[in-house]
Amino acid sequence: VQTAKETSRIIQVGSQTTSGDQWAKAKEAIAKGMIGNMIMSQGSYHRNSVEGEWNYKIFDAGPDKKGEDYIDWKMWLGKATPRPYDADRFFRFRKYWDYSGGIATDLFYHVVAPMNICWGEAQFPTKVVAGGGIYQFKDEREVPDTFHLIGDYPKGHSLVLSSSMANSQHIPGLIRGHAGTIIMVEHGMFEGSTPYITVKPEHRGKNFIDPEYESKFGHDGDFQIPVEQKDLMAAHMGNFLECMRSRQKPTLNVEIGARAQVLISLAVQSYRQGKTMHFDEAKWKASDKPVKA
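If you're wondering where the values come from, they're calculated on a predicted model, not measured in any experiment.

Caption draft 1: Representation of the pattern of salt bridges. Tallied over the entire structure, the rule returns 17 salt bridges. A salt bridge links Arg47 to Glu53, with the nearest nitrogen and oxygen atoms 2.4 Å apart. We classify Arg47 as partly exposed; its relative accessible area is 28%. A salt bridge links Lys275 to Asp288; the nearest nitrogen and oxygen atoms lie 2.8 Å apart.

Caption draft 2: Focus on helix 5 (residues 103-118). Here helix 5 spans 22 Å end to end across 16 residues, near enough to the 22 Å set by a 1.5 Å rise per residue. Of all 16 residues making up helix 5, 15 are buried, and the element is well covered by its neighbours. In the segment just after helix 5, Gly120 is the residue with positive phi, at about 90 degrees.

Caption draft 3: Fine view of the packing of helix 5 against helix 8 (residues 254-273). Here helix 5 crosses helix 8 at 135 degrees, and the two axes come no closer than 9 Å. When the interaxial angle is binned, helix 5 and helix 8 end up oblique. At the point where helix 5 passes helix 8, the crossing takes the right-handed sense. On the side of helix 5, the interface is formed by Ala104, Thr105, Phe108, Tyr109, Val112, Ala113, Asn116 and Ile117, while helix 8 contributes Ile256, Gly257, Arg259, Ala260, Gln261, Leu263, Ile264 and Val268. For the contact of helix 5 with helix 8, the class distribution of residues is 11 nonpolar, four polar and one charged.

Caption draft 4: A look at helix 7 (residues 232-246). Given a rise of 1.5 Å per residue, 15 residues ought to cover 21 Å, and the 20 Å separating the end C-alpha atoms of helix 7 matches this to within 8%. By the burial criterion, the buried members of helix 7 are Leu232, His236 and Cys243. Down the axis, helix 7 shows its buried residues gathered within 40 degrees of arc, on one side only. Capping of helix 7 at its N-terminal end is provided by Asp231; its side-chain oxygen lies 3.1 Å from the backbone amide nitrogen of Met233.

Caption draft 5: Representation of the sheet that holds strand 8 (residues 223-226) in the model. In spatial order, the strands read 8-7-6-5-1-4-3-2-9-10; together these 10 strands make up an open sheet with mixed pairing. Each edge of the open sheet is held by one strand with a lone partner, namely strand 8 and strand 10 (285-287). For this sheet, the mean angle separating the axes of adjacent strands, direction not counted, is 15 degrees. For strand 1 (residues 38-44) and strand 5 (residues 173-177), the ladder comprises four bridges, and the chain directions are antiparallel. Each residue of the ladder has a partner; that of Met38, found in strand 5, is Gly177. Strands in contact with helix 2 (residues 21-32) are strand 5, strand 6 (180-185), strand 7 (196-201) and strand 8; relative to strand 6, the strand with the most contacts, it is inclined by about 170 degrees. Running at roughly 55 degrees to strand 2 (residues 127-133), helix 8 makes contact with strand 2, strand 3 (146-153), strand 4 (157-164), strand 9 (277-280) and strand 10 of the sheet.

Caption draft 6: The environment of Leu149, seen in detail. Take Leu149: it is sitting in strand 3. A residue is classified by how much of its surface remains accessible, and Leu149, at 2% relative accessible area, is buried. Along the primary structure Leu149 and Gly101 are separated by 48 residues, whereas in three dimensions their C-alpha atoms are 13 Å apart. Once residues within four sequence positions are removed from consideration, Leu149 is found in contact with Phe108, Val129, Ala130, Leu159, Val160, Leu161, Leu263 and Ala267.

Definitions and cut-offs
Residues numbered from 1 in each chain as written. Predicted model: local features only at pLDDT ≥ 70, side-chain atom pairs only at ≥ 80, totals over all residues. Heavy atoms only, no water. Salt bridge = Lys/Arg side-chain N within 4 Å of Asp/Glu carboxyl O. Buried < 20%, exposed > 50% of the residue type's maximum accessible area, 1.4 Å probe, protein only. Helix = DSSP H or I, 4+ residues; strand = E, 2+ residues; numbered from the N terminus. Expected span 1.5 Å × (residues − 1). Axes fitted to C-alpha atoms, helices over the stretch in contact; angles between N-to-C directions. Parallel < 35°, antiparallel > 145°, perpendicular 65-115°, else oblique. Left-handed = near helix turned anticlockwise from the far one by under 90°. Contact = heavy atoms within 4.5 Å. Nonpolar A, V, L, I, M, F, W, Y, C, P; charged D, E, K, R; others polar. Arc of directions from axis to C-beta. Polar contact = N/O pair within 3.5 Å; in protein donor to acceptor, adjacent residues only side chain to side chain. Pairing = 2+ DSSP bridges.

What follows is the structure, given as C-alpha coordinates:
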(Lines give C-alpha, C1' and ligand atoms only; values in the text may rest on other atoms or scores of the structure.)
Protein backbone atom coordinates (compact mmCIF):
# COMPACT_ATOMS: atom_id res chain seq x y z
CA VAL A 1 0.00 0.00 0.00
CA GLN A 2 2.79 2.38 0.91
CA THR A 3 4.72 1.65 -2.28
CA ALA A 4 1.60 2.26 -4.37
CA LYS A 5 1.22 5.66 -2.74
CA GLU A 6 4.87 6.59 -3.16
CA THR A 7 5.02 5.56 -6.82
CA SER A 8 1.46 6.55 -7.86
CA ARG A 9 1.08 3.17 -9.54
CA ILE A 10 -2.28 1.56 -10.36
CA ILE A 11 -2.74 -1.83 -8.72
CA GLN A 12 -5.66 -4.17 -9.38
CA VAL A 13 -5.68 -7.23 -7.09
CA GLY A 14 -6.49 -10.31 -9.15
CA SER A 15 -9.77 -11.48 -7.64
CA GLN A 16 -11.86 -11.05 -10.78
CA THR A 17 -15.12 -11.93 -9.05
CA THR A 18 -15.08 -8.46 -7.47
CA SER A 19 -15.93 -7.03 -10.88
CA GLY A 20 -19.35 -8.71 -10.67
CA ASP A 21 -22.29 -6.31 -10.74
CA GLN A 22 -23.94 -7.92 -7.68
CA TRP A 23 -21.49 -6.24 -5.30
CA ALA A 24 -22.13 -2.78 -6.71
CA LYS A 25 -25.88 -3.39 -6.55
CA ALA A 26 -25.61 -4.58 -2.94
CA LYS A 27 -23.53 -1.53 -2.07
CA GLU A 28 -26.23 0.74 -3.54
CA ALA A 29 -29.04 -1.04 -1.68
CA ILE A 30 -27.20 -0.83 1.64
CA ALA A 31 -26.41 2.86 1.06
CA LYS A 32 -30.11 3.53 0.42
CA GLY A 33 -30.97 2.00 3.81
CA MET A 34 -32.72 -1.11 2.53
CA ILE A 35 -31.29 -3.30 5.31
CA GLY A 36 -30.87 -0.59 7.94
CA ASN A 37 -27.95 -0.79 10.34
CA MET A 38 -25.55 -3.54 9.21
CA ILE A 39 -25.18 -6.35 11.80
CA MET A 40 -23.44 -9.35 10.22
CA SER A 41 -22.13 -10.65 6.92
CA GLN A 42 -21.76 -14.35 6.15
CA GLY A 43 -20.35 -16.48 3.37
CA SER A 44 -18.99 -19.91 2.57
CA TYR A 45 -16.84 -21.87 0.15
CA HIS A 46 -17.62 -25.58 0.17
CA ARG A 47 -16.38 -28.37 -2.06
CA ASN A 48 -16.34 -32.15 -1.83
CA SER A 49 -13.29 -33.85 -3.27
CA VAL A 50 -12.93 -37.62 -3.48
CA GLU A 51 -9.12 -37.48 -3.32
CA GLY A 52 -8.75 -34.44 -1.11
CA GLU A 53 -8.41 -30.83 -2.21
CA TRP A 54 -5.09 -29.79 -3.83
CA ASN A 55 -3.88 -33.35 -4.51
CA TYR A 56 -2.91 -32.41 -8.05
CA LYS A 57 -1.32 -34.95 -10.39
CA ILE A 58 2.38 -35.58 -9.73
CA PHE A 59 4.29 -35.83 -13.02
CA ASP A 60 7.00 -38.47 -13.23
CA ALA A 61 10.39 -37.11 -14.28
CA GLY A 62 11.27 -40.45 -15.88
CA PRO A 63 13.35 -43.50 -14.88
CA ASP A 64 16.71 -41.77 -15.25
CA LYS A 65 15.75 -38.35 -13.98
CA LYS A 66 14.86 -36.70 -10.70
CA GLY A 67 12.72 -33.67 -10.05
CA GLU A 68 15.82 -31.70 -9.10
CA ASP A 69 17.10 -32.15 -12.65
CA TYR A 70 14.26 -29.95 -13.91
CA ILE A 71 13.59 -27.66 -10.97
CA ASP A 72 15.76 -25.08 -9.22
CA TRP A 73 14.59 -26.41 -5.87
CA LYS A 74 16.53 -23.93 -3.78
CA MET A 75 15.05 -21.00 -5.68
CA TRP A 76 11.58 -22.54 -5.48
CA LEU A 77 11.86 -22.87 -1.69
CA GLY A 78 12.94 -19.26 -1.32
CA LYS A 79 12.79 -18.30 2.37
CA ALA A 80 10.81 -21.41 3.32
CA THR A 81 12.33 -24.12 5.52
CA PRO A 82 15.24 -25.84 3.69
CA ARG A 83 14.49 -29.50 2.95
CA PRO A 84 15.26 -32.15 0.29
CA TYR A 85 13.21 -32.14 -2.91
CA ASP A 86 9.69 -33.45 -2.29
CA ALA A 87 7.39 -33.98 -5.28
CA ASP A 88 4.29 -33.78 -3.11
CA ARG A 89 5.34 -30.39 -1.79
CA PHE A 90 6.12 -29.13 -5.28
CA PHE A 91 3.00 -30.29 -7.10
CA ARG A 92 0.64 -30.04 -4.11
CA PHE A 93 2.10 -26.98 -2.38
CA ARG A 94 -1.27 -25.67 -1.17
CA LYS A 95 -1.36 -28.44 1.46
CA TYR A 96 1.65 -27.04 3.35
CA TRP A 97 2.01 -24.03 5.65
CA ASP A 98 5.42 -23.13 4.21
CA TYR A 99 3.84 -22.13 0.91
CA SER A 100 0.13 -21.64 1.56
CA GLY A 101 -2.58 -20.59 3.98
CA GLY A 102 -4.88 -23.35 2.75
CA ILE A 103 -8.58 -22.57 2.44
CA ALA A 104 -8.09 -19.12 3.97
CA THR A 105 -5.70 -17.76 1.35
CA ASP A 106 -6.78 -19.90 -1.60
CA LEU A 107 -10.57 -19.45 -1.34
CA PHE A 108 -11.73 -17.09 1.40
CA TYR A 109 -10.09 -14.08 -0.23
CA HIS A 110 -12.70 -14.37 -3.01
CA VAL A 111 -15.39 -13.96 -0.35
CA VAL A 112 -13.81 -11.27 1.84
CA ALA A 113 -12.85 -8.88 -0.98
CA PRO A 114 -16.41 -8.64 -2.43
CA MET A 115 -17.81 -8.14 1.08
CA ASN A 116 -15.59 -5.10 1.54
CA ILE A 117 -17.01 -3.67 -1.67
CA CYS A 118 -20.61 -4.33 -0.59
CA TRP A 119 -20.09 -2.60 2.75
CA GLY A 120 -19.37 0.67 0.98
CA GLU A 121 -16.27 1.24 3.09
CA ALA A 122 -13.45 -1.30 3.08
CA GLN A 123 -12.47 -2.01 6.67
CA PHE A 124 -9.76 -3.63 8.76
CA PRO A 125 -10.99 -6.12 11.37
CA THR A 126 -10.25 -5.45 15.02
CA LYS A 127 -10.50 -9.06 16.21
CA VAL A 128 -10.31 -12.42 14.40
CA VAL A 129 -10.69 -16.00 15.59
CA ALA A 130 -10.52 -19.18 13.48
CA GLY A 131 -11.20 -22.88 13.93
CA GLY A 132 -11.50 -26.15 12.04
CA GLY A 133 -9.23 -29.09 11.45
CA ILE A 134 -8.13 -32.03 9.30
CA TYR A 135 -11.31 -34.07 9.61
CA GLN A 136 -11.41 -36.11 6.39
CA PHE A 137 -8.20 -36.08 4.34
CA LYS A 138 -5.49 -37.42 6.63
CA ASP A 139 -2.63 -37.47 4.12
CA GLU A 140 0.57 -35.41 4.13
CA ARG A 141 -1.35 -32.14 4.38
CA GLU A 142 -0.75 -29.61 7.14
CA VAL A 143 -3.53 -27.11 6.36
CA PRO A 144 -7.09 -27.93 7.52
CA ASP A 145 -9.67 -29.42 5.16
CA THR A 146 -12.40 -27.66 7.16
CA PHE A 147 -11.93 -24.05 8.24
CA HIS A 148 -14.05 -21.26 9.75
CA LEU A 149 -13.47 -17.70 10.91
CA ILE A 150 -15.20 -14.85 12.68
CA GLY A 151 -14.01 -11.27 12.22
CA ASP A 152 -15.28 -8.29 14.22
CA TYR A 153 -15.16 -4.79 12.73
CA PRO A 154 -14.93 -1.34 14.36
CA LYS A 155 -18.11 -0.05 12.65
CA GLY A 156 -20.12 -2.53 14.72
CA HIS A 157 -20.63 -5.67 12.63
CA SER A 158 -19.12 -9.14 12.17
CA LEU A 159 -18.16 -11.40 9.27
CA VAL A 160 -18.65 -15.17 9.59
CA LEU A 161 -17.16 -17.55 7.00
CA SER A 162 -17.50 -21.32 6.80
CA SER A 163 -15.76 -23.81 4.54
CA SER A 164 -15.07 -27.51 4.08
CA MET A 165 -13.37 -29.42 1.30
CA ALA A 166 -15.26 -32.58 2.33
CA ASN A 167 -18.86 -31.36 1.95
CA SER A 168 -20.44 -29.39 -0.90
CA GLN A 169 -23.48 -27.82 0.81
CA HIS A 170 -23.05 -24.05 0.87
CA ILE A 171 -24.28 -21.30 3.13
CA PRO A 172 -25.79 -18.35 1.19
CA GLY A 173 -23.61 -15.26 0.89
CA LEU A 174 -25.55 -12.44 2.51
CA ILE A 175 -25.46 -9.35 4.72
CA ARG A 176 -27.85 -9.00 7.64
CA GLY A 177 -29.14 -5.66 8.86
CA HIS A 178 -31.64 -4.58 11.51
CA ALA A 179 -34.25 -3.71 8.86
CA GLY A 180 -33.53 -6.44 6.32
CA THR A 181 -31.16 -8.90 4.69
CA ILE A 182 -29.50 -8.68 1.29
CA ILE A 183 -28.63 -12.00 -0.39
CA MET A 184 -25.90 -11.66 -3.02
CA VAL A 185 -25.14 -15.34 -3.59
CA GLU A 186 -27.90 -17.91 -3.04
CA HIS A 187 -25.71 -20.94 -3.79
CA GLY A 188 -22.76 -19.92 -1.63
CA MET A 189 -20.08 -19.73 -4.33
CA PHE A 190 -18.72 -16.21 -4.69
CA GLU A 191 -17.12 -16.68 -8.11
CA GLY A 192 -19.33 -15.89 -11.10
CA SER A 193 -22.35 -13.76 -11.87
CA THR A 194 -25.89 -14.14 -10.55
CA PRO A 195 -29.05 -12.89 -12.34
CA TYR A 196 -30.28 -10.88 -9.38
CA ILE A 197 -29.74 -10.12 -5.71
CA THR A 198 -32.58 -10.30 -3.17
CA VAL A 199 -33.47 -7.92 -0.35
CA LYS A 200 -35.68 -9.42 2.37
CA PRO A 201 -37.15 -6.81 4.75
CA GLU A 202 -37.58 -7.72 8.42
CA HIS A 203 -40.90 -7.78 10.31
CA ARG A 204 -43.31 -7.22 7.44
CA GLY A 205 -46.68 -5.64 8.09
CA LYS A 206 -47.84 -3.48 10.99
CA ASN A 207 -44.99 -4.52 13.29
CA PHE A 208 -42.30 -3.52 10.81
CA ILE A 209 -39.27 -1.87 12.43
CA ASP A 210 -39.44 1.17 10.15
CA PRO A 211 -43.02 2.27 9.39
CA GLU A 212 -41.71 4.40 6.52
CA TYR A 213 -40.00 1.48 4.74
CA GLU A 214 -42.85 0.95 2.28
CA SER A 215 -43.04 4.65 1.42
CA LYS A 216 -39.26 4.71 0.87
CA PHE A 217 -38.95 1.62 -1.30
CA GLY A 218 -42.42 1.00 -2.74
CA HIS A 219 -43.47 -2.04 -0.70
CA ASP A 220 -42.33 -4.17 2.24
CA GLY A 221 -42.06 -7.48 0.39
CA ASP A 222 -38.97 -9.13 -1.09
CA PHE A 223 -37.06 -7.16 -3.73
CA GLN A 224 -35.22 -8.80 -6.61
CA ILE A 225 -32.65 -6.41 -8.05
CA PRO A 226 -31.38 -7.36 -11.54
CA VAL A 227 -27.65 -7.88 -11.97
CA GLU A 228 -25.76 -7.25 -15.21
CA GLN A 229 -24.27 -10.42 -16.67
CA LYS A 230 -20.70 -10.13 -17.93
CA ASP A 231 -17.38 -11.90 -18.37
CA LEU A 232 -15.76 -11.17 -15.02
CA MET A 233 -12.17 -11.76 -16.16
CA ALA A 234 -12.61 -9.42 -19.14
CA ALA A 235 -14.35 -6.83 -16.95
CA HIS A 236 -11.61 -6.99 -14.30
CA MET A 237 -8.80 -6.67 -16.82
CA GLY A 238 -10.69 -3.95 -18.69
CA ASN A 239 -11.17 -1.96 -15.51
CA PHE A 240 -7.44 -2.26 -14.75
CA LEU A 241 -6.41 -1.03 -18.20
CA GLU A 242 -8.90 1.83 -18.15
CA CYS A 243 -7.64 2.95 -14.72
CA MET A 244 -4.07 2.91 -16.01
CA ARG A 245 -5.23 5.54 -18.52
CA SER A 246 -7.55 7.55 -16.27
CA ARG A 247 -5.48 7.18 -13.03
CA GLN A 248 -8.69 6.38 -11.15
CA LYS A 249 -8.78 3.64 -8.51
CA PRO A 250 -9.68 0.22 -9.90
CA THR A 251 -12.43 -2.04 -8.55
CA LEU A 252 -10.17 -4.04 -6.23
CA ASN A 253 -7.52 -1.45 -5.51
CA VAL A 254 -4.61 -1.96 -3.16
CA GLU A 255 -6.38 -0.40 -0.15
CA ILE A 256 -9.40 -2.69 -0.38
CA GLY A 257 -7.15 -5.63 -1.18
CA ALA A 258 -5.02 -5.04 1.92
CA ARG A 259 -8.03 -4.82 4.21
CA ALA A 260 -9.30 -8.14 2.92
CA GLN A 261 -5.87 -9.75 3.33
CA VAL A 262 -5.48 -8.63 6.95
CA LEU A 263 -8.56 -10.67 7.92
CA ILE A 264 -7.19 -13.68 6.01
CA SER A 265 -3.71 -13.45 7.53
CA LEU A 266 -5.03 -13.01 11.07
CA ALA A 267 -7.33 -16.01 10.62
CA VAL A 268 -4.38 -18.21 9.62
CA GLN A 269 -2.39 -16.96 12.61
CA SER A 270 -5.36 -17.57 14.91
CA TYR A 271 -5.76 -21.15 13.71
CA ARG A 272 -2.07 -22.01 13.90
CA GLN A 273 -1.48 -20.36 17.29
CA GLY A 274 -4.79 -21.28 18.88
CA LYS A 275 -5.33 -17.64 19.86
CA THR A 276 -7.69 -14.77 19.16
CA MET A 277 -5.83 -12.22 17.07
CA HIS A 278 -6.22 -8.44 17.21
CA PHE A 279 -5.21 -5.77 14.72
CA ASP A 280 -3.94 -2.25 15.39
CA GLU A 281 -4.92 -0.27 12.30
CA ALA A 282 -2.85 2.77 13.31
CA LYS A 283 0.35 0.68 13.51
CA TRP A 284 -0.57 -2.00 10.95
CA LYS A 285 0.37 -4.67 13.49
CA ALA A 286 -1.21 -7.92 14.65
CA SER A 287 -1.13 -9.16 18.24
CA ASP A 288 -2.78 -11.73 20.47
CA LYS A 289 -3.49 -8.93 22.94
CA PRO A 290 -6.43 -6.50 22.60
CA VAL A 291 -5.50 -3.08 21.21
CA LYS A 292 -5.54 -0.38 23.86
CA ALA A 293 -7.87 2.54 23.14
